[in-house]
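The residues making up each chain are set out below.
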Amino acid sequence: FAVRDLIIAEGIRAEVPRAVSSSSRGKKRTPELITSPYLPNYIFTELQEGQYETLMGVKGVYPTVQMVPACYKDTLFRWCAMIDRIADDLEARFKQGEALAGYKPDQALEVVGGPLVEFLAGLNVTFKKMVQHPHLEYPTVVAEGHMMGKVTRIEFDAMDVRACE
C-alpha cells in the first residue's frame, strides 16, 4: 500500500484492492485483523498524457507495466471498488467483535488439542461456524463430526483445531 500512496502523491489515480482476513498466529488465542493486497504486486492506475515517466520514477514501481485498453478502465475500477467494499464490510464486522473464522464452511479440520484429541484423532470433522459465547472470553469453533453412526455437533477451542492440509 506504500507504493500506491507514493503514486497518488504524484497525482496519479491508483487503486490496490484489499483482502481482509483474521488469524491467530502462534499461541495467540485472539485473532488479529490482517489486511493485504487482493492481488499482490498489482497496482491499477489511470495514466493521463505524459504520466508514464512520472509513474516509472516512483520508488517501488517496476517497468513490467501492463497496459489495459481504455474501454476496460471503468469496469476495472468498479471491480476494485467492489473488492474494497467487501473488505470494508469484513473489517467492520471484525471490529464489532465478529470472529472471522479463517475457515470455509464444510472445510475439513484436524483436531490437534483439547480433552478429546485421542478420541477424535482421524475423525472426519468439518467446520460450520465460529461462535462467541457471552460467558467465554474467546470464540469457539463449531464443527460437525461423524461419531457412532450419526452426525454430531462439536465445539472446539480455536487453538485445538486447524485446517487439514
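For the structure, see preceding data.
Structural notes, computed from the coordinates.

Points about the packing of aromatic side chains
- This structure, assessed with the given rule, holds three aromatic pairs.
- With 6.1 Å between their ring centres and 85° between their planes, Phe44 and Trp79 make a pair best called edge-to-face. Residue Phe44 is located in strand 4 (residues 44–46), and its partner Trp79 is located in helix 3 (residues 73–95); the two are separated by 35 residues in the primary sequence.
- For Phe44, a relative accessible area of 14% gives the class buried.
- On the basis of relative accessibility, which here comes to 26%, the residue Trp79 falls in the partly exposed class.
- Among the aromatic residues, those joined into a ring-pair cluster are Tyr38, Tyr42, Phe44 and Trp79.
- Positioned above the aromatic ring of Phe77, the side-chain terminus of Arg13 is 3.7 Å from the ring centre.

Observations regarding the pattern of salt bridges
- Across all of its chains, the model carries 10 salt bridges by this definition.
- The salt bridge involving Glu46 is made with Arg13; its shortest N-O contact spans 3.0 Å. A residue pair is termed long-range when its members are at least 10 positions apart, and Glu46 in strand 4 and Arg13 in strand 1 (residues 13–15) qualify at 33 residues.
- Judged by its relative accessible area of 39%, Arg13 is partly exposed.
- Two residues, Lys73 and Glu46, come together in a salt bridge whose shortest N-O distance is 3.2 Å. Residue Lys73 is located in helix 3, and its partner Glu46 is located in strand 4; the two are separated by 27 residues in the primary sequence.
- The exposure class of Lys73 is partly exposed, given its relative accessible area of 29%.
- What makes Glu46 buried here is its relative accessible area of 19%.
- A network of salt bridges, in which partner residues are shared, links Arg13, Glu46, Lys73 and Asp74.

With respect to the sheet that holds strand 7 (residues 140–147)
- The five strands are arranged 8-7-6-5-9 in an open sheet whose pairing can be described as antiparallel. The sheet is open, and its two borders are formed by strand 8 (150–157) and strand 9 (161–163), each paired with just one other strand. When the angles between neighbouring strand axes are averaged without regard to direction, this sheet yields 45°.
- Bridging between strand 7 and strand 8 involves eight bridges; their strand directions are antiparallel. Pairing of Ala143 across the sheet is with Ile154, part of strand 8.

A look at the nonpolar core
- Formed by 14 residues in total, the largest nonpolar core has its most connected members in Leu109, Val111, Val141, Phe156 and Val161.
- Those elements that place two or more of their residues in this core are strand 5 (108–111), helix 4 (117–120), strand 6 (125–131), strand 7 and strand 8.
- Formed by six residues, the second largest nonpolar core is a distinct cluster that contains Ile7, Ile12, Leu55 and Val61.

Overview of the layout of surface pockets
- In this structure, the largest pocket encloses a volume near 950 Å³.
- Lining the largest pocket are 30 residues, with Ile43, Phe44, Thr45, Val65 and Gln66 positioned closest to its centre.
- For the lining of the largest pocket, the class distribution of residues is 22 nonpolar, five polar and three charged.

Conventions used here
- Residues numbered from 1 in each chain as written.
- Predicted model: local features only at pLDDT ≥ 70, side-chain atom pairs only at ≥ 80, totals over all residues.
- Heavy atoms only, no water.
- Phe/Tyr/Trp six-rings, centres within 6.5 Å; stacked < 30°, edge-to-face > 60°.
- Helix = DSSP H or I, 4+ residues; strand = E, 2+ residues; numbered from the N terminus.
- Buried < 20%, exposed > 50% of the residue type's maximum accessible area, 1.4 Å probe, protein only.
- Lys NZ or Arg CZ within 6 Å of the ring centre and 35° of its normal.
- Salt bridge = Lys/Arg side-chain N within 4 Å of Asp/Glu carboxyl O.
- Pairing = 2+ DSSP bridges.
- Axes fitted to C-alpha atoms, helices over the stretch in contact; angles between N-to-C directions.
- Core = buried A, V, L, I, M, F, W, Y, C linked by side-chain atoms within 4.5 Å.
- 1 Å grid on protein atoms, 1.4 Å probe; cavity = no way out; pocket = protein on both sides within 12 Å on 5 of 7 lines; lining within 4 Å.
- Points joined across faces, edges and corners; volume = space filled by probe spheres on them.
- Nonpolar A, V, L, I, M, F, W, Y, C, P; charged D, E, K, R; others polar.

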